[in-house]
Every structure is written in structure tokens, then in C-alpha cells.
Amino acid sequence: MAPIDFALVLLVNLIWGFNFVAAKVGVSELPPMLLTGIRFCAIGLVLAPLISRVPRDQIKPVLWVALTAGLCHFGLLFIGIGLVGDVSSAAVAIQLNIPFVTILSVVILKETIRWRRIVGIVIAFAGVFVIGFDPRVFSYLDGLLLCVAAAFSMAVAMIIMRQMRGVGVFTLQAWMGLVTGPSMLLFSALFETGQGTAVANASLLAWAAVAYTAFGSSLIAHAANFRLLQRYPVTTTAPLMLLSPVLGIVFGVMLLGDALTWRMIGGSLMTLAGVGIIMLRERKIVGVAP
């Protein structure tokens, strides 16, 4: 790998790893559905000129991706991050999208997997199971389960994206923004309260977190990752992206004061090891930001 591309790998991991901290800071001041809606509206407005570049036969899959990856994945993820006591468990749980997409590829796409990837799936789920039985996690188990549900939603989106043709990464982001943004704002109006007060009292740090999740994570990191996927095999780049949840855990401990127990550490290592095994055997993984 060329030095500039290796630097891009580090940049993407840094951006996606820090994104967990930014999300936690944002939802601490803004309701999660509202924050998600604002994030995607901002993305949609910036990328709106690309909205017309979708082949007609791909509009339906694009809308399904907006539903599963936008509304379901990010909606559930940000609600879950708001509920969990630390970002470390969320950073690990969201990695289950890789085992989930592997299972769905067998069920839906009729792909075959060998014993190594089956072992990887078992290890990955066992790791989250270990984390879930940590006494610290019992107090916010609902948040952890929402993050797992968010991982499953992204896996469904990845299956749909595997079958899409002629849709660029930024075009897809534009459609997700213009569909997901207004929809999440509507859900916020229906199911959340205190939005006006939250917006009026939100600090510059909270708005910076919203901007970071929108433009740093979704645009800059996606563009860099897209370049890497074009230049190198997925089996080369995908395992390197496992650094992002590790950095998410490190940033959570350093910046948010997250406490790590031995059960949390052991479960995290198991999950990341399992995901790594799957990635080394997988050639069609779609790189998606948290």
C-alpha cells in the first residue's frame, strides 16, 4: 500500500473512531432523532446537486437503503448511544453488522461460507454476549440492544447495496440525506419532546459534534474509503478498518471517562477478532461509516 493510501487508512479510522465520541456529545444535548434529522438534512442539502444521477431502475433500491441505513440504522444507533453509559460498548456492538451481513448473504443471496467464517461469526456474537453480561452494562442493556439492532439494519442495507449498479457513493448519500433527514425530523416531532429548548440551549460543542458526524464521518471519511476500495482488494482494506472501534474505545476512555472492565476488554477483543476472521474471508464487504 502506498504511503498516502496508508495515511488515508489512518485518517478514516481516526474520523470514524472519534465519531462515537462526537455522537455521544451531540445526543447529550440534543434529542437523538432530532440530531439524526439535522445531520441528514445537512448532508442532503450539500449533496442535492447529485440527486438526479440515479438510474431509474435503481430508485427503489436507493429508497430501501435510505430506509434501512438511514432511518433504521442511524436512528437506532443514535438513540442507543444516548442510552449507553459509555461509547465503548456501542463501538463494539455496531461491528456486528459484518457477521449479520454474512449470515444474510447466505440466506438471501445464497452465498456459501466455509468453516472459518462460521467460527468468526460465533466468536463475534460471543464477544457481545460477554459484554452484555458485564455488571456495568446491565444498567443500559437497552441501549446496547438498540446498537445491535442498528447493526442488523445496516447489514440489510449492505445486502441491498451489493446488488445496486450505477449509483455513486455521494449520490447515495444525497438520497439518504433528502429522504432520511425530513423523515427523522417528523419522527422527532411525533416521539420526542423539548426540541425547541434543546436547540436554543445547545452549546457550540454540540453543534460542532453534529457537523462532525455529518461532514467528517459521512463525507470526508466515505470519500477516502471509496478511494481505497477502488485501489485495493476489500480483503486488504477492510481488516484495517477494525482500528476505528478500537480508537472509539480509546477516545471514550480518554475524553469521556469511560471505564473498562476485564469483561468489557475480553468481549471487545473476541468480537473484533471474530469480525477480523470474517473480513479476511469476505470479498464483498461494503465500507460504511458508523
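Quick caveat, the model's predicted, so the values are computed rather than measured.

Peer 1: Now, about the environment of isoleucine 159: what can you tell me, with residues and values included?
Peer 2: Along the chain, the position of isoleucine 159 falls in helix 7 (residues 141-162). When near neighbours in sequence (up to four residues on either side) are disregarded, isoleucine 159 contacts Val101, Leu104, Ser105, Ile108 and Leu109.

Peer 1: Describe the packing of helix 3 (residues 59-83) against helix 8 (residues 169-191), naming the residues involved and giving the relevant values.
Peer 2: At a minimum axis separation of 9 Å, helix 3 and helix 8 run at an interaxial angle of 50°. Taken as axis vectors, helix 3 and helix 8 run oblique relative to one another. Once helix 3 is placed against helix 8, the crossing between them reads as right-handed. In contact with Ile59, Val62, Leu63, Val65, Ala66, Ala69, Gly70, Leu71, Phe74 and Gly75 of helix 3, helix 8 contributes Leu172, Trp175, Met176, Val179, Thr180, Ser183, Met184 and Phe187.

Peer 1: Quick one: what's the story with helix 5 (residues 97-107), residue by residue and with numbers?
Peer 2: Across the 11 residues that make up helix 5, a large majority, eight, are buried. Inspection of helix 5 places Asn97, Ile98, Pro99, Phe100, Val101, Thr102, Leu104 and Ser105 among the buried residues, and these make up the whole buried set.

Peer 1: Lay out the nonpolar core in plain terms, naming residues and giving numbers.
Peer 2: If you look at the biggest cluster of nonpolar residues, it comprises 67 residues, and the most contacted ones within it are Val65, Met161 and Met176. It is helix 7 that provides the largest number of residues to this core, a total of 12 residues. Counting residues in hydrophobic clusters, the runner-up holds 10 residues, among them Val9, Ile15, Trp16 and Ala221.

Peer 1: Describe helix 2 (residues 32-47), listing the residues and the values that go with them.
Peer 2: Think of an α-helix as 3.6 residues a turn; residues three or four steps apart then line up on the same face. The end-to-end C-alpha separation of helix 2 is 23 Å, in line with the 22 Å expected for 16 residues at 1.5 Å each. Within the span of helix 2, buried status applies to Pro32, Met33, Leu34, Leu35, Thr36, Gly37, Arg39, Phe40, Ile43, Gly44 and Leu47.

Peer 1: Talk me through the packing of aromatic side chains; I want residue IDs and the actual numbers.
Peer 2: With the rule as written, the count across this model stands at six aromatic pairs. Aromatic side chains phenylalanine 18 and phenylalanine 251 sit 5.6 Å apart centroid to centroid with 80° between the ring planes, which places their arrangement in the edge-to-face category. Taken as a pair, phenylalanine 18 in helix 1 (residues 3-27) and phenylalanine 251 in helix 12 (residues 243-256) lie far apart in primary sequence, 233 residues in all. Look at phenylalanine 100 and phenylalanine 152: their rings are 5.3 Å apart centre to centre, the planes differ by 85°, and that puts the pair in the edge-to-face class. A residue pair is termed long-range when its members are at least 10 positions apart, and phenylalanine 100 in helix 5 and phenylalanine 152 in helix 7 qualify at 52 residues. Among the aromatic residues, ring-to-ring pairing joins Phe18, Tyr212 and Phe251 into one connected group. A cation over an aromatic ring shows up here: arginine 39 above the ring of phenylalanine 40, its NZ or CZ 5.4 Å from the ring centre.

Criteria and cut-off values
All chains use their own residue numbering, which begins from 1 and follows the written sequence. At least 70 in pLDDT is required for a residue's local features to be given in this predicted model, at least 80 for side-chain atom pairs to be given and counted, and no such filter applies to totals for whole chains, interfaces and linings, which use all residues. Side-chain calculation: all heavy atoms of the structure are included, whereas hydrogens and water are not. Helix and strand labels come from DSSP, where a helix needs a run of H or I of at least four residues and a strand needs a run of E of at least two; each type is numbered from the N terminus. The contact definition used throughout considers only heavy atoms, calling two residues in contact when any of these lie within 4.5 Å. The convention used is that axes are lines fitted to C-alpha atoms, helices contributing only their stretch in contact, and that angles between N-to-C directions extend from 0 to 180 degrees. Oblique is the label for any angle not covered by the other classes, which are roughly parallel (under 35 degrees), roughly antiparallel (over 145) and roughly perpendicular (65 to 115). Rotating anticlockwise by less than a right angle from the far helix to the near helix defines a left-handed crossing, while the corresponding clockwise rotation defines a right-handed one. Only protein chains enter the calculation, and the probe is 1.4 Å; a residue is then buried if its accessible area is under 20% of its type maximum, exposed if over 50%, and partly exposed in between. To form a nonpolar core, buried Ala, Val, Leu, Ile, Met, Phe, Trp, Tyr and Cys residues must be joined to one another through side-chain atoms within 4.5 Å. A helix's residues, less one, multiplied by 1.5 Å, set its expected span. Pairing of aromatic side chains here covers Phe, Tyr and the six-membered ring of Trp, requires ring centres within 6.5 Å, and sorts the geometry by plane angle: under 30 degrees stacked, over 60 edge-to-face, intermediate tilted. Geometrically, a lysine NZ or arginine CZ counts as sitting over a ring once it is within 6 Å of the ring centre and also within 35 degrees of the ring normal.

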